[in-house]
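Okay, here's what each chain looks like letter by letter:
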Amino acid sequence: MSGLPGASTCPGPGEASDLKSPLGAKFREPLTEARFQQLFGDAEQEPELLAEPRWSRLRGLWRRRARACSGPGPWPLLRARLPPLRWLPHYRWRAWLLGDAVAGVTVGIVHVPQGMAFALLTSVPPVFGLYTSFFPVLIYTLLGTGRHLSTGTFAVLSLMTGSAVERLVPEPLEGNLSGIEREQLDAQRVGAAAAMAFGSGALMLGMFALQLGVLATFLSEPVVKALTSGAALHVLVSQLPSLLGLPLPRQIGCFALFKTLAAVLTALPRSSPAELTVSALSLALLVPVKELNVRFRDRLPTPIPGEIVMVLLASVLCFTSSLDTRYNIQIVGLLPGGFPQPLLPSLAELPRILADSLPMALVTFAVSASLASIYADKYSYTIDSNQELFAHGVSNLISSLFSCFPNSATLATTSLLVDAGGNTQLAGLFSCMVVLSVLLWLGPFFYYLPKAVLACINISSMRQMFFQMRELPQLWRISRVDFAVWMVTWVAVVTLSVDLGLAVGVVFSMMTVVCRTQRVQCLALGLAEGTELYRPLRESHKLLQVPGLCILSYPTPLYFGTRGQFRRILEWHLGLGEGGKEAPKTDGPPDAVAEPVRVVVLDCSGVTFADAAGAREVVQLASRCGDAGIHLLLAQCNASVLGTLTQAGLLDRVTPEQLFVSVQDAAAYALERLELTGPKTCTVWV
């Protein structure tokens, strides 16, 4: 029970209060919702309550939607869908062009070996990684709103795509395919990967049409980081056969990581010493270069392109030493020049790949939106989440016509772009020029590139994802719940698979939110002496109370999952047990005398929404309070909650004079109702 001394808060005319008033306090009459709307609301609105008929609200909503759809003309719509029309006229050519050029060329140099490496992770020939490093980058430059975002091949998506491709187009058990059979198998796998890019792009465009950019919020930061960290471990294990020169079939499905480890350990005596030597030398160069780029990023004018240096050295060594013929080292081979013919992916494959395309679309948007938001906050500009959906949807959809596999923003190249001095999306054009030169003229120079080097590039690019685990101690200190979400998601990704782990992480994250709404405490409030502030009684025993007055704050949404808790808490505080009216409970001092509650003020400021079940619970509470002789007052209900309660029949149990704009107004009215003061007019400090 809580409240304030009546003589202190509601002094009569000419009477002095025994409670210290706030400095410079003024007084006014308590305001109900109806009175507030009459004074400050729409003049044409009914003063009784915000009880607009349902059909009127629907008609008004329809009119607003119609105006929103028909309002913008073609030019504003074009500017919204083509961001360069907005930022290019304000481009600072002298200040930004050099930085964009250097950053774009640097990222393009990294895109070449990384694209080929991630193509092998996707189970398609290396040249299709170059296509995926060209077309999506070009499209995002025209449609994206992230100024510092670098798109292209992404390890997590490549891993998910490769697992689906291996399941849809498995390699024949007999092995030892002829050249023509290998080409046919590769063509089928390229078609399946392109179909998945088409499906994920179509899903993202559908989400854009429904303005579902808000869905990115359901993939919380712990879920995304645990997903990428767990996927990095999958990438590491999946590349072990290539590092050791073991021709092992790729494991797919649940527990694939452990199956791969078991197969590698079993076949370890048959590993190739030559492949192992090339892998060891490659990692010995790539890992220190990565570390140097991180430690001296402020001193280096541009990051050291360790990947392209390693590719050139390995290609020269393999060519001069004939490693492919003498030691049977697997090489990339001929990269076809030019571009592939535009081809619509087989629509017959779409039903089969839809279940794989959905998690890919969610991962694409979640990773890209989170990366774009990080750098937008850092450099003080804004991004449009729905436009990002549109950009990545169009990027995947159109690039699939050119045999590209699913793509998104990438962690490593985005960080590299920022470190190299990139300022705008124009850096993507310079990156495309580098990849284009390889596709048109420089492809033959990569003929002798060992595939083991590409596997090492895959592993070294996972460095940033692995180091995300260093944030776990800090996460444990900040939030144990987020730590649990991180660990559950990571264990599910590592143990099961990337897509199933994502589903487990999202479901577990949402369950923690639901559970936290069911574990809140309903707080009894009291007045701090000399102020107009109401605080929980448990914070201090010096807060003022009034026998017979109970002010309760319920700080959580009121819906079907919390209605039972709401009923039990109110019964506990008001003494409305099943066995008749019990003695009310108190949060005050232990020696406080519990008296029957005559007025209860329910502070609804923390109730952000209420569904039908929760609204009916409030109506039933009002009915039970009326039967028990308790006067129920509601304070600070937002318009949505108030409308739901009204539709549930609240006004059949209470009058509009029992709905107040604040706890202070309701408490002042309650003191008059309790007849604790002589004056008939109560006042509120303002």
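Here is what the cut-offs are and how they apply
- Residues numbered from 1 in each chain as written.
- Predicted model: local features only at pLDDT ≥ 70, side-chain atom pairs only at ≥ 80, totals over all residues.
- Heavy atoms only, no water.
- UniProt positions renumbered as here; feature names shortened; annotations may be inferred.
- Helix = DSSP H or I, 4+ residues; strand = E, 2+ residues; numbered from the N terminus.
- Buried < 20%, exposed > 50% of the residue type's maximum accessible area, 1.4 Å probe, protein only.
- Core = buried A, V, L, I, M, F, W, Y, C linked by side-chain atoms within 4.5 Å.
- Contact = heavy atoms within 4.5 Å.
- Patch = residues over 30% accessible without salt bridge, like charges linked within 9 Å, V, L, I, M, F, W, Y side chains within 5 Å.
- Areas by Shrake-Rupley, 256 points an atom, 1.4 Å probe, with all protein chains shown as cover.
- Salt bridge = Lys/Arg side-chain N within 4 Å of Asp/Glu carboxyl O.
- Pairing = 2+ DSSP bridges.
- Axes fitted to C-alpha atoms, helices over the stretch in contact; angles between N-to-C directions.
- Parallel < 35°, antiparallel > 145°, perpendicular 65-115°, else oblique.
- Left-handed = near helix turned anticlockwise from the far one by under 90°.
- Nonpolar A, V, L, I, M, F, W, Y, C, P; charged D, E, K, R; others polar.
- Phe/Tyr/Trp six-rings, centres within 6.5 Å; stacked < 30°, edge-to-face > 60°.

Engineer: Hey, could you go over the UniProt feature "transmembrane region" (unreviewed entry) in the chain for me, with residue numbers and the actual values?
Structural biologist: Here, the residues flagged by UniProt with the feature "transmembrane region" (unreviewed entry) are residues 93-112, 119-143, 190-214, 357-376 and 483-511. Taken end to end, residues 119-143 comprises 72% helix and 0% strand; its first and last C-alpha atoms sit 25 Å apart. Span residues 357-376 is 100% helix and 0% strand, its end C-alpha atoms 28 Å apart.

Engineer: Tell me about helix α8 (residues 135-143), and please be specific about residues and values.
Structural biologist: The buried fraction of α8 is high, at seven of nine residues. Considered for burial, the residues of α8 that qualify are F135, P136, V137, I139, Y140, T141 and L143.

Engineer: Break down the nonpolar core for me, citing the residues and quoting the values.
Structural biologist: Most often, soluble globular proteins keep nonpolar side chains buried together rather than apart. With 101 residues, the main nonpolar core has M116, V156, V363, F446, L449, M465 and V498 as its most contacted residues. Of all the elements, helix α17 (residues 350-378) adds the most residues to this core, at 12 residues. Look past the residues within four positions of V498 in its chain and what remains in contact with it is V156, L159, M160, L227, A231, H234 and V493.

Engineer: An account of a nonpolar patch on the surface is requested, with residue identities and associated values reported.
Structural biologist: A grouping of F339, L440, W441, L442 and F445 is seen on the molecular surface, where their side chains present a nonpolar patch of about 550 Å² in accessible area. Note on placement: W441 falls in helix α20 (residues 427-442).

Engineer: Go over the pairing of strand β10 (residues 631-635), please, and point to the residues and values.
Structural biologist: The element β10 is largely enclosed, with a buried count of five among its five residues. Neither face of β10 is left uncovered, since the one carrying H631, L633 and A635 and the one carrying L632 and L634 both have all their residues buried. Direction of pairing for strand β9 (residues 599-603) relative to β10: parallel, over a ladder of five bridges. Of the residues in β10, the one forming a bridge with V599 is H631.

Engineer: Before we move on, can you summarise unusual backbone geometry with the specific residues and values?
Structural biologist: Positioned with a positive phi, F255 is a non-glycine residue whose angle comes to about 60°. Of note, F255 is situated in the loop between α12 (240-244) and α13 (256-267). In this structure, Q636 takes a positive phi of about 60° despite not being glycine. With respect to the element layout, Q636 can be found in the loop between β10 and α28 (639-647).

Engineer: An account of the environment of V107 is requested, with residue identities and associated values reported.
Structural biologist: Within the fold, V107 resides in helix α6 (residues 93-121). Residue V107 is classed as buried on the basis of its relative accessible area, which comes to 2%. Measuring from C-alpha to C-alpha, the distance between V107 and P303 comes to 9.7 Å, with 196 residues separating the pair along the chain. Among all residues touching V107, those that are not within four sequence positions of it are S150, T413, L416, L417 and S431.

Engineer: Lay out the packing of helix α9 (residues 155-168) against helix α11 (residues 221-238) with the relevant residues and their values.
Structural biologist: As a packed pair, α9 and α11 sit with axes 9 Å apart at the nearest point and diverge in direction by 60°. Considering the angle they form, α9 stands oblique to α11. Taken as a pair, α9 and α11 cross one another with a handedness that is left-handed. Residue-level contacts link A155, V156 and L159 of α9 to T228, A231, H234, V235 and S238 of α11. For the contact of α9 with α11, a count of residues per class yields five nonpolar, three polar and no charged.

Engineer: Got a sec to walk through the pairing of strand β4 (residues 523-527)? Specific residues and values, please.
Structural biologist: With four of five residues buried, β4 lies mostly within the body of the structure. Sheet analysis places β4 next to strand β6 (residues 549-553), joined by two bridges and oriented antiparallel. Paired with L523 across the bridge in β6 is S553. Sheet analysis places β4 next to strand β5 (residues 534-536), joined by three bridges and oriented antiparallel. Across the sheet, the residue bridging to L527 is Y534, located in β5. Connecting the antiparallel pair β4 and β5 is a turn made up of six residues, with G530 showing a positive phi of about 80°.

Engineer: Requested: an account of the packing of aromatic side chains, with residues and values cited.
Structural biologist: Applying the stated criterion to the full structure yields 16 aromatic pairs. Ring centres of F135 and F402 lie 4.3 Å apart, and the angle between their planes is 10°; on these two criteria the pair is classed as stacked. Linking F135 in helix α8 with F402 in the loop between α18 (385-400) and β3 (408-409), this pair joins segments that are 267 residues apart in sequence. The buried category is assigned to F402, whose relative accessible area is 19%. Taking 5.1 Å as the distance between ring centres and 80° as the angle between the ring planes, the aromatic pair formed by Y554 and F566 counts as edge-to-face.

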